[in-house]
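Examining the three-dimensional arrangement
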Amino acid sequence: MTQVDIREDGVVARPLPMVVGPTRPAPSVLARLAEPAPALTDPAFLAEYGHCLARFREVVGSASAEVVITPGTGTTGMEALAASFLRPGVPVLIASTGMWGDRWRDICTRMGVPARAPRSAVGRVPDPALIRRLLADCQALLITHVDSSSGVRCDVAELAAIARERGMPCLVDGMAGLGADEVDFDAWDIDAYLAGPSKGLAAPPGLAMVAIAGRAAARLRERDWTPTSYSLDLAPWLPAMAAAERGEPAYVQTPAGNLLLALAEALRLVLAEGVGARVARHARLRDILYTGLADLGVDLLAPEPGERPNGVTVCQVPNGVDEWRLLAAVADHGVLLQAGTYSRTGRGTFRIGHLGNVTEADIASTLAAVRAGLLDSRRDT
Ligand SMILES: *Cc1c(COP(=O)(O)O)cnc(C)c1O
């Protein structure tokens, strides 16, 4: 068994996981997992299901988006968006900032959707002029809000506007964004935003959460082609989610009831903190982390401060230090960090997740462990 500490702000495993996800859940969130899986016709469950959907809509900043929460991981959600919205045989443009753009590309390719996937310079956001130029004969624009492999945050509104000029849907992977960075679904005028429970929202993994604009939901309802996947099609979920919000059961696939109950509680806590206050907390802690890393001589992969997210930091491994030796030494000092995951940076980066129920004490522990780990790994070489 992992050693855990039960604290007011969450249940913390030791060593302290400063990872992009899963992040530590509040005790009241974890408690929902210990209940028997609810029956789909249980009125109390339906009420919570409805709250979960309404809270998700509020947290993404929408008054009217249709929201769908299905069983699965973030990757399932990406695949569901592609299967539901992208017509096979018609090209799609992917504004890639890292491994998640690469994953969009691989998903589309397997689904028979030709993927045009220019990669931004490492650590930089996509070039809007290039996106505008390449979008011409595509059916949709796919972007990653916060790329947790490169530590880059896109300007979603700016890219979405380019798609809107052409009346084309813009689908956004916000897995590492929601709960830590500002999301303004209605103002951004996007078609779909994908989120997950286990990063900024601090709930257990296992659900894919998708907010869908009215015009995009209409596209799904009026689609004159059939997706090749049955279980990934989001269209049948739309009426079922609307029913759940009315307190009525509707079956599509067995809902992951306990995970929905846990997520409903996690979203309640997000709204109790206040979405704006939560984003501000993440920004403040990120700045403390940056100052500490700069003191240690650790450079970040993303050179432009305005292009960095609030909850994920991708660091350059200092010269002469081995990535694995550094991560092992930091773990010896009580903090788990993550290796680099972007193929273009190879072993030259390591990653720090500081999202969800993260506190100033966590940042201090992280900086202390990185300081000690750097000393150890330099001593060893
Ligand atoms: C974590 C993450 C995913 C994938 O989520 P899984 O639940 O691991 O499938 C997708 N996109 C981004 C940006 C992520 O950070």
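Residues numbered from 1 in each chain as written. Predicted model: local features only at pLDDT ≥ 70, side-chain atom pairs only at ≥ 80, totals over all residues. Heavy atoms only, no water.

1. Describing unusual backbone geometry
Geometrically, the link from Gly21 to Pro22 is a cis peptide bond, its omega value of -5° lying close to zero. One non-glycine residue, Asp189, adopts positive backbone phi at about 60°. Here Asp189 lies in the loop between α7 (185–188) and β11 (192–195). The class for Asp189 is partly exposed, based on a relative accessible area of 31%. Of note, the phi angle at Ala202 is positive, near 60°, even though the residue is not glycine. For Ala202, a relative accessible area of 3% translates into the label buried. (Helix = DSSP H or I, 4+ residues; strand = E, 2+ residues; numbered from the N terminus. Buried < 20%, exposed > 50% of the residue type's maximum accessible area, 1.4 Å probe, protein only.)

2. Quick word on the packing of helix α10 (residues 257–273) against helix α11 (residues 275–295)
The geometry of α10 relative to α11 is characterised by a closest axis approach of 5 Å and an angle of 85° between their N-to-C directions. In this view, α10 runs roughly perpendicular relative to α11, as classed from their interaxial angle. Seen from α10, the contacting residues are Val270, Leu271 and Glu273; seen from α11, they are Val275, Ala277, Arg278 and Arg281. Of the residues belonging to the contact of α10 with α11, the class tally is four nonpolar, no polar and three charged. (Axes fitted to C-alpha atoms, helices over the stretch in contact; angles between N-to-C directions. Parallel < 35°, antiparallel > 145°, perpendicular 65-115°, else oblique. Contact = heavy atoms within 4.5 Å. Nonpolar A, V, L, I, M, F, W, Y, C, P; charged D, E, K, R; others polar.)

3. Looking at the pattern of salt bridges
On inspection of all chains with the given rule, the structure shows 25 salt bridges. Linking Asp362 and Arg24 is a salt bridge whose minimum nitrogen-to-oxygen distance equals 2.6 Å. Of this pair, Asp362 sits in helix α13 (residues 360–380) while Arg24 is found in the loop between β3 (16–17) and α1 (27–31), placing the two residues 338 residues apart along the sequence. Accessibility assignment for this pair places Asp362 and Arg24 in one class, buried. Overlapping salt bridges, with partners in common, bring together Asp102, Arg105, Asp106 and Arg119 in one network. (Salt bridge = Lys/Arg side-chain N within 4 Å of Asp/Glu carboxyl O.)

4. Quick notes on empty space enclosed by the protein
Per the stated rule, a full pass over the model turns up five cavities of 30 Å³ or more. Reported here for the largest cavity is a volume of approximately 70 Å³. Around the largest cavity sit 13 residues that line it, and Leu40, Tyr49, Ala240, Met241 and Ala250 are the ones nearest its centre. Of all the secondary structure elements, the ones that give two or more residues to the lining of the largest cavity are α2 (43–59) and α9 (237–245). The element contributing the most residues to the lining of the largest cavity is α9, with four residues. Within the lining of the largest cavity, the residues separate by chemical class into 11 nonpolar, one polar and one charged. (1 Å grid on protein atoms, 1.4 Å probe; cavity = no way out; pocket = protein on both sides within 12 Å on 5 of 7 lines; lining within 4 Å. Points joined across faces, edges and corners; volume = space filled by probe spheres on them.)

5. Digging into α11
In this model α11 runs 31 Å from its N-terminal to its C-terminal C-alpha over 21 residues, within 8% of the 30 Å that 1.5 Å per residue would give. Listing the buried residues of α11 in full gives Arg278, Val279, Arg281, His282, Ala283, Leu285, Arg286, Leu289, Tyr290, Gly292 and Leu293. Positioned one or two residues after α11, Gly297 has a phi angle of 75°, which is positive. (Expected span 1.5 Å × (residues − 1).)

6. A short note on the layout of surface pockets
Estimates place the volume of the largest pocket at around 370 Å³. In terms of residues, the lining of the largest pocket owes the most to one element, strand β2 (residues 10–14), which gives three residues. A per-class count over the lining of the largest pocket returns 17 nonpolar, five polar and two charged. Considering only enclosed or pocket space, the second largest pocket measures out at about 310 Å³ in volume. In this structure, the second largest pocket is lined by 23 residues; those nearest its centre are Gly74, Trp100, Met175, Ser198 and Lys199. Secondary structure elements with two or more residues in the lining of the second largest pocket: α3 (74–85) and α4 (99–110). When residues of the lining of the second largest pocket are assigned to their parent elements, the largest contribution, three residues, is made by α3. Tallied by class, the residues present in the lining of the second largest pocket amount to eight nonpolar, 11 polar and four charged.

7. Examining the site of the ligand
Residues in close proximity to the ligand include Thr73, Gly74, Thr75, Met78, Trp100, Thr144, Val146, Ser148, Asp173, Met175, Ala176 and Lys199, which together make up its full environment. Taking Thr73, its side chain carries an N or O atom lying 3.3 Å from an oxygen atom of the ligand. A distance of 2.8 Å separates an oxygen atom of the ligand from a polar atom in the side chain of Ser148. Protein burial of the ligand: of its 380 Å² of free accessible surface, 84% is covered by the chains. Judged by the proximity of its atoms to the pocket grid, the ligand belongs to the second largest pocket. (Near = heavy atom within 4 Å. Polar contact = N/O pair within 3.5 Å; in protein donor to acceptor, adjacent residues only side chain to side chain. Areas by Shrake-Rupley, 256 points an atom, 1.4 Å probe, with all protein chains shown as cover. Sits in = over half its atoms within 2 Å of the grid points.)

8. Points about the packing of α3 against α4
At a closest axis distance of 10 Å, the pairing of α3 and α4 adopts a crossing angle of 50°. Put simply, α3 runs oblique to α4. Regarding α3 and α4, the two cross each other, and that crossing is right-handed. Only Trp100, Arg103, Trp104 and Ile107 of α4 make contact with α3, whose side of the interface consists of Thr75, Met78, Glu79, Leu81 and Ala82. By residue class, the composition of the contact of α3 with α4 is six nonpolar, one polar and two charged. (Left-handed = near helix turned anticlockwise from the far one by under 90°.)

All quantities given are derived from atomic positions and should not be read as evidence of function.
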